[in-house]
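# Understanding the architecture of this molecule
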Amino acid sequence: MRIVTGYRGEPHIVSDDLQAFNKGAIGDAILPIGQRLHAELTTSNNLRIYDGTAIMGGVEFRVEPGTYDDVTIDNGTQGMNRTDLVCARYSRNGSTGVENMTWA
């Protein structure tokens, strides 16, 4: 057993510790912060995602307050209906352990 939030005299908390807490206490959610990752189609090829914070699989990610992310959407085929899905994609490098979250 290992104490996570107690003092041990050295840095010892890692991202997996906080992710496990988030997953158990919150689950997957968009938190009531900022504009809650509100999405707006600004052109036929651009989706703007406004500030907010979310938890996915215990991993917290955010669009910083007062900012936004633009996501480019590929052109479709003229005359064809389609549905696009924009989502957050988590990755972790198996050798370095470096984690990342991107829009996909």
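Further up the page is the structure itself.
Parameters and conventions
Every residue gets a number counted from 1 within its own chain, in the order that chain's sequence is written. A pLDDT threshold of at least 70 governs which residues receive local features in this predicted model, and a stricter bar of 80 or more applies before side-chain atom pairs are shown or counted, although totals over entire chains, interfaces and linings include all residues. Note that water and hydrogens are dropped before the side-chain values are worked out from all heavy atoms of the structure. Each helix corresponds to a stretch of at least 4 residues labelled H or I by DSSP, and each strand to a stretch of at least 2 residues labelled E; elements are numbered beginning at the N terminus. Partly exposed describes any residue whose relative accessible area lies between the buried limit of under 20% and the exposed limit of over 50%, with all areas from a 1.4 Å probe on protein chains only and scaled to the type maximum. A cavity, in this analysis, means grid points on a 1 Å lattice covering only the protein atoms where a 1.4 Å probe fits yet has no way out; a pocket is instead an open set bounded by protein on both sides within 12 Å along at least five of seven lines, and a residue lines either one if it has an atom within 4 Å of a point. Grid points are joined across faces, edges and corners, and a volume is the space filled by probe spheres set on the points. Only Asp, Glu, Lys and Arg are considered charged in this grouping, and only Ala, Val, Leu, Ile, Met, Phe, Trp, Tyr, Cys and Pro are considered nonpolar; every other residue, Gly among them, is considered polar. Any two strands with at least two DSSP bridges between them are considered paired.

### Let's talk about unusual backbone geometry
At Arg36, a residue that is not glycine, the phi angle is positive and equals roughly 55°. Structurally, Arg36 can be placed in the loop between strand S1 (29–30) and strand S2 (39–43). The backbone of Leu37 shows a phi angle near 60°, a positive value even though the residue is not glycine. Along the chain, the position of Leu37 falls in the loop between S1 and S2. Residue classification places Leu37 among the buried positions, given a relative accessible area of 11%.

### Notes on the layout of surface pockets
The calculated volume of the largest pocket comes to roughly 210 Å³. If you trace the largest pocket, you find 15 residues lining it, with Ile30, Leu37, Phe61, Ala88 and Trp103 closest to the centre. Broken down by secondary-structure element, the contributors of at least two residues to the lining of the largest pocket are S1 and strand S3 (46–56). Among the elements that take part in the lining of the largest pocket, S3 stands out by supplying five residues, more than any other. Residue composition of the lining of the largest pocket, by class: 14 nonpolar, no polar and one charged.

### Brief notes about the pairing of S3
For S3, the tally of buried residues reaches 10 of 11 residues, placing the bulk of the element in the interior. Direction of pairing for S1 relative to S3: antiparallel, over a ladder of two bridges. Looking at S3, one finds that Ile30 is bridged to Ala54. Pairing analysis gives four bridges linking S2 to S3, with the strands arranged antiparallel. Pairing of Ala39 across the sheet is with Ile49, part of S3.

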